[in-house]
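As a plain string of letters, each chain reads:
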Amino acid sequence: MTELKNGEATLWTPLVGFDRDLPGHGAEEYLEKVGFRPSAISLFVFNADIINLHPGMDKEFPFPQDYCNYYGSLRNELRTIQPWTNYDLRELAAELKKSGVDTYMGIMGNHTPDQTTWFGQSSTQKFLLQHPELIMQGYGGTNNLYALKRFADGSYFEDYFVEMARKTLNDYGIGGVHMSDGFCPPNSTLNSGDFSDDMIGQFMDMTGISLPNEVAAPLNDPASAGLEGRTQYIWYHYRAEWIRFIGRRWEQFFTKLCRTLHADGKKVMVNNSWTSEPFEAIYRYGIDYKGLERAGVDVICVEDQATAVHSCDAPGAAYRIHEYMQTPMITKAY
């Protein structure tokens, strides 16, 4: 097996990439197929419920289908999806560690049930159904968890998530968390969400800006400008302030997460914002890669998508190859 001589390589693999029924759950078989020993593997369990609803490890329990493969897809080219359990995942992480490979727990911010028909399988984020106040609320419409929001009692989701992530990673013996599409980066651009009462309240508290009564009024107030009116007002009167506010909130989120996980020797990895280079990431999503670095994020994965987009049939897509090819270089320079 080839050993890495320069740099690092982290692979992102759902559990269907391993064989649960082999000794060591197929860790060595997987590494032999890869042909080299990566620095780390992000075990892509997909559904953030694995952290948000982590019950501990006192009992063995079967995973939902979407933990075992992306959106619960039934098979890949090697095998049919297998019924993994919490104990299986803990044992796989231990086997990879014995082989000199670090691990991350890879999650996405998947949807509530009305948008879960990918691959013909169902995928539900039960935690989000229990806490609908955390669903992104925007003029553009979305059904994803928005990690910057607060619970109904006023406490911040991030404070809950940080402690749950710490417990989950320690219980599974996994070396870090990897956040990707729909969790961070969020699932909506800044001009379409989230403009909920919660986020408007946070905006006014953090910036000291006073908004007109009809904009600041709760959305259920008959005098409210409504979600569309609120969105338009913020975007055309306080766009720069709103973008900076969201950037500060993400930096705050990751500062808390990194401080807590680093204390346990764990790492934090984040995908870049839907293949965006630095300016686009700030302007469209409010995420400043320098802010993530200041917060202590260990790895930012740059999804450049150049080859995939070049082979796409969408009109004009092939011409974006140059834009995507320069994304890693500009990000590194930034």
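It should be noted that the structure appears before, not after, this text.
Rules behind the numbers
Residues numbered from 1 in each chain as written. Predicted model: local features only at pLDDT ≥ 70, side-chain atom pairs only at ≥ 80, totals over all residues. Heavy atoms only, no water. Buried < 20%, exposed > 50% of the residue type's maximum accessible area, 1.4 Å probe, protein only. Helix = DSSP H or I, 4+ residues; strand = E, 2+ residues; numbered from the N terminus. Arc of directions from axis to C-beta. Contact = heavy atoms within 4.5 Å. Pairing = 2+ DSSP bridges. Axes fitted to C-alpha atoms, helices over the stretch in contact; angles between N-to-C directions.

Draft legend 1. Local environment of helix α1 (residues 27-34). For α1, the complete set of buried residues consists of A27, Y30 and L31. One side of α1 holds all its buried residues, which, seen down the axis, span an arc of 95°. Among the exposed residues of α1, those oriented more than 90 degrees off its buried face are E32 and K33. The inward-facing, buried residues of α1 contact β2 (10-14), β3 (36-37), β4 (40-47) and α4 (86-98). Directly after α1, the chain includes G35, whose backbone phi takes a positive value near 95°.

Draft legend 2. Local environment of the sheet that holds strand β7 (residues 267-271). Taken together, 6 strands build an open sheet; the order of strands is β2-β4-β5-β6-β7-β8 and the sheet is parallel. Only two strands of the sheet have a single neighbouring strand rather than two, namely β2 and β8 (299-301). With direction set aside, neighbouring strand axes in the sheet form an average angle of 25°. Relative to strand β5 (residues 102-108), β4 runs parallel, the two sharing 7 bridges. Residue F46 lies in a different strand from β5, and its bridge partner there is I107. Across the sheet, α4 touches β4 and β5, and the angle it forms with β4 is around 165°. Docked against the sheet, helix α10 (residues 239-263) engages β6 (176-179) and β7, running at close to 145° with respect to β7.

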